[in-house]
Amino acid sequence: MKNYPVFDGHNDTLLKLMRLGASSIEQFLHGNLDAHIDRVRAKSTGYRGAFFAVFTPSKKSISQSGSRTMLPAQHALKPDMSPIPRSHAVNFTNDTINLLHRIIGLSKGTIALINKAEDLKTFTQVPGLSIILHLEGAEAIDARFNNLQRYYKKGLRSLGLVWSRRNIFGSGVSLDFPGSPDVGPGLSEYGIELVKRCNQLGIILDLAHLNEKGFWDVARLSVKPLVVSHAGIHRLCPSPRNLSDRQLEAIANSNGITGITFANGLIRADGRIDLSATLNDIIDHIDYIRKHFGIDYVGFGSDFDGARIAEQLGDVTGILKLIEKLEERGFTEHELRKICYANWLRVIKETLASHRC
Ligand SMILES: [Zn+2]
């Protein structure tokens, strides 16, 4: 089996680190972290780049779990979907971004943020971990966009308008099964303005968790490739979190990408979170895009540390097993390079390139 560098569209490892507390930073850097990802296992797998999400759990879910160090997993069986106040989102977001900057500072140059397209020039040659700072749900952004530029300066380069809950910008889909993504209204006027501002700054707009009307609003307004960082195929698993053929076609037509998730509930045909999907189930979703829309529009979007992951895959090192299985299923080296990193790199470069800072 060949070695491929891997770029992942989504993980929630920062939330995991927030749950575990400050001492987890050393474990993340030196291995043995009780999580799907740490630097040591990432390095051994060729996991060299990823969108690291900043996600704010609701106050209720924090208080129910007793303390911040016991924060619930984002995709718990019954997560709290109620809207969250902005002040809470700002505090939690700032704390998480500070934690990430502490990790980068302690990493002796082996972990870096991707700020501009040129930062990816050496991606395939230089080992290390390149991070896109991603905000999963825009609750921390104020309605006048005063702090968007501030977060941009702190490294924000990707933003999901919503998580699966409503906010002032738009509406998310539920995590019920089965269901359609076509629920709720499209973007608000604030949401429309946020799309324009992200285009101008060179911030990737992530449409994972967004409802279908919101998706079509972004497809109409955005001048950048459409990105869904972690989802599956609705035809194969009818979760409202998964994408219809029309949506997949629009993503391909925009030269965009879907990161196929490894989360049981979005991969298994019966949507069961508590039973494990197989490597072949994951590959069915990847292959669906290859067959019907083209190999250029699919990548990985693991959801490590944010979801119950297929047991055959396990943790970040399981990506090697997935690649081996993809080879067995007839994917060529050329196709594997595109899935493992080249498609993500293309979309990131195309979106970040326009910024003038
Ligand atoms: Zn998510």
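Before reading further, recall that the structure is shown in the block above.
Residues numbered from 1 in each chain as written. Predicted model: local features only at pLDDT ≥ 70, side-chain atom pairs only at ≥ 80, totals over all residues. Heavy atoms only, no water.

Brief notes about the overall build of the protein chain
Looking only at helices and strands, the protein chain features 13 helices and nine strands. Against the compact-globule benchmark of 21 Å for 357 residues, the protein chain has a radius of gyration of 18 Å, which places it among compact chains. On the principal axes, the C-alpha backbone points of the protein chain span a range of 50 × 45 × 45 Å. Per-residue burial over the protein chain gives 60% buried out of 357 residues. Sequence-distant contacts in the protein chain: of pairs separated by 6 or more residues, those separated by 24 or more amount to 76%. As displayed, the protein chain offers around 13,900 Å² of accessible surface, 50% of which is attributable to carbon and sulfur atoms. Each charge class in the protein chain was averaged separately, 44 positive and 37 negative side chains, and the resulting centres sit 6 Å apart. (Helix = DSSP H or I, 4+ residues; strand = E, 2+ residues; numbered from the N terminus. Rg over C-alpha atoms; globule rule 2.2 N^0.38 Å. Buried < 20%, exposed > 50% of the residue type's maximum accessible area, 1.4 Å probe, protein only. Contact = heavy atoms within 4.5 Å. Areas by Shrake-Rupley, 256 points an atom, 1.4 Å probe, with all protein chains shown as cover. Lys, Arg positive; Asp, Glu negative; His and termini not counted. Charge placed at Lys NZ, Arg CZ, Asp CG, Glu CD.)

Side note on the coordination of the zinc ion
At this site the zinc ion is bound by Glu136 (OE), His209 (NE2) and His230 (NE2), with donor distances of 2.1 to 2.3 Å. Each donor residue of the zinc ion belongs to the same chain, and together they define the spacing E-x72-H-x20-H. Taken together, the residues span a long stretch of sequence, with His209 in the loop between β6 (204-206) and α8 (212-221) and His230 in strand β7 (residues 227-231) at a distance of 21 residues. Among the residues examined, His209 registers a relative accessible area of 2% and is labelled buried. (Donors = N, O, S within 2.8 Å, 3.2 Å for Na, K, Ca; no water.)

Focus on the environment of Lys321
Within the fold, Lys321 resides in helix α12 (residues 319-328). Each C-alpha atom, one on Lys321 and one on Asp176, is 30 Å from the other, the two residues being 145 residues apart in sequence. Excluding its chain neighbours within four sequence positions, the residues that come into contact with Lys321 are Leu279, Gln312 and Leu313. Engagement of the side chain of Lys321 in a polar contact is seen with the backbone oxygen of Gln312, the distance being 3.0 Å. (Polar contact = N/O pair within 3.5 Å; in protein donor to acceptor, adjacent residues only side chain to side chain.)

Let's talk about the packing of aromatic side chains
Evaluated as defined, the whole model comprises eleven aromatic pairs. Relative to Phe51, the ring of Phe7 lies with its centre 6.0 Å away and its plane at 80°, an arrangement referred to as edge-to-face. Of the two residues, Phe7 is situated in strand β1 (residues 6-11) and Phe51 in strand β2 (residues 47-54); the sequence distance between them amounts to 44 residues. Judged on exposure class, the residue Phe7 and its partner Phe51 are both buried. Ring centres 6.4 Å apart and planes at 45° place the aromatic pair Tyr288 and Phe293 in the tilted group. (Phe/Tyr/Trp six-rings, centres within 6.5 Å; stacked < 30°, edge-to-face > 60°.)

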